[in-house]
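# Breakdown of the fold
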Amino acid sequence: MAIDTILAQIDSEIARLTQVRSLLANAGNTVAGKAGKAKKTSSRSKKKRVLSPEARKRIADAQRKRWAAQRAKAKSR
């Protein structure tokens, strides 16, 4: 086979693959794009959860207690 023939075949294959890629990209955007947008809007509609000051204090006290236990365990080693 001549080099020109090989190059022509490669060019036609590249053109075919480019066309298939654009078709798949467009098909993927229409299907996945709609699902992705719906997913994002539903997650945005959830309100941020707020802890009361008492709950924050309980959590902070519990964490300080865990830290103190770790420090005591490290000192005893």
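Refer to the structure above for everything that follows.
It should be emphasised that the depicted structure is a prediction, and the values quoted were computed from it without experimental measurement. (Residues numbered from 1 in each chain as written. Predicted model: local features only at pLDDT ≥ 70, side-chain atom pairs only at ≥ 80, totals over all residues. Heavy atoms only, no water.)

### Examining the overall build of the chain
Looking only at helices and strands, the chain features two helices and zero strands. Buried residues in the chain amount to 1% of all 77 residues. Accessible area of the chain: about 7600 Å², with a carbon and sulfur share of 60%. (Helix = DSSP H or I, 4+ residues; strand = E, 2+ residues; numbered from the N terminus. Buried < 20%, exposed > 50% of the residue type's maximum accessible area, 1.4 Å probe, protein only. Areas by Shrake-Rupley, 256 points an atom, 1.4 Å probe, with all protein chains shown as cover.)

### Here's the deal with the pattern of salt bridges
As enumerated under the stated definition, the model contains three salt bridges in all. Across the pair Glu 13 and Arg 16 runs a salt bridge, and its minimum N-O distance is 2.7 Å. Taken as a pair, Glu 13 and Arg 16 lie in helix 1 (residues 3-44) at a separation of three residues, close to a single helical turn. The exposure class of Arg 16 is partly exposed, given its relative accessible area of 42%. Between Asp 61 and Lys 57 there is a salt bridge, and its shortest N-O distance comes to 3.0 Å. Of this pair, Asp 61 and Lys 57 are both found in helix 2 (residues 53-76), four residues apart, which corresponds to roughly one turn of the helix. Classification of Asp 61 by relative accessible area gives partly exposed; the value is 34%. (Salt bridge = Lys/Arg side-chain N within 4 Å of Asp/Glu carboxyl O.)

### Quick notes on a nonpolar patch on the surface
Nonpolar side chains collect at one region of the surface, where Met 1, Ile 3, Ile 6, Leu 7, Ile 10 and Ile 14 lie side by side and expose about 630 Å² of accessible area between them. Take Ile 10: it is sitting in helix 1. (Patch = residues over 30% accessible without salt bridge, like charges linked within 9 Å, V, L, I, M, F, W, Y side chains within 5 Å.)

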